[in-house]
Amino acid sequence: MRQFRDAMVRAGNECTLLEYEGAEHGFHYPGTGGHFDDVIAAAARFLLDRTATT
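Chemist: Break down the packing of aromatic side chains for me, with residues and values.
Modeler: According to the stated counting rule, one finds zero aromatic pairs in the structure shown. When the ring centre of Phe46 is taken as origin, the NZ or CZ atom of Arg50, which lies over that ring, is 3.8 Å away.

See below:
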């Protein structure tokens, strides 16, 4: 994911990576790791911040 983020930034895209210490693959799905609400809220903020400026 870090390589993907870096590639996106190099290509001129805005890309934010939020890392969760100790999280396993798929940690953001409902019921598996307790981060679902945080991930959805962060994604919504990211998208809403960009639509507000257009």
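Chemist: Any details on the environment of His35? Residues and values, ideally.
Modeler: By the secondary structure assignment, His35 is in the loop between helix 1 (2–10) and helix 2 (36–51). C-alpha separation for the pair His35 and Leu17, spaced 18 residues apart in sequence, amounts to 14 Å. Setting aside residues no more than four positions away along its own chain, His35 makes contact with Tyr20 and Phe27.

Chemist: If you had to explain the pattern of salt bridges to someone new, which residues and values would you point to?
Modeler: All chains considered together, the criterion is met by four salt bridges. With its nearest N and O atoms 2.5 Å apart, the salt bridge here joins Glu19 to Arg2. With Glu19 in the loop between helix 1 and helix 2 and Arg2 in helix 1, the pair connects residues that are 17 residues apart, well separated along the chain. Look at Glu19 and you get partly exposed, because its relative accessible area is 48%. Classification of Arg2 by relative accessible area gives exposed; the value is 51%. Here Arg5 makes a salt bridge to Asp6, at a shortest N to O gap of 2.8 Å. Of the residues examined, Arg5 reaches a relative accessible area of 23% and is grouped as partly exposed. One continuous salt-bridge network, built from bridges that share partners, spans Glu14, Asp49 and Arg50.

Conventions we followed
- Residues numbered from 1 in each chain as written.
- Predicted model: local features only at pLDDT ≥ 70, side-chain atom pairs only at ≥ 80, totals over all residues.
- Heavy atoms only, no water.
- Phe/Tyr/Trp six-rings, centres within 6.5 Å; stacked < 30°, edge-to-face > 60°.
- Lys NZ or Arg CZ within 6 Å of the ring centre and 35° of its normal.
- Helix = DSSP H or I, 4+ residues; strand = E, 2+ residues; numbered from the N terminus.
- Contact = heavy atoms within 4.5 Å.
- Salt bridge = Lys/Arg side-chain N within 4 Å of Asp/Glu carboxyl O.
- Buried < 20%, exposed > 50% of the residue type's maximum accessible area, 1.4 Å probe, protein only.

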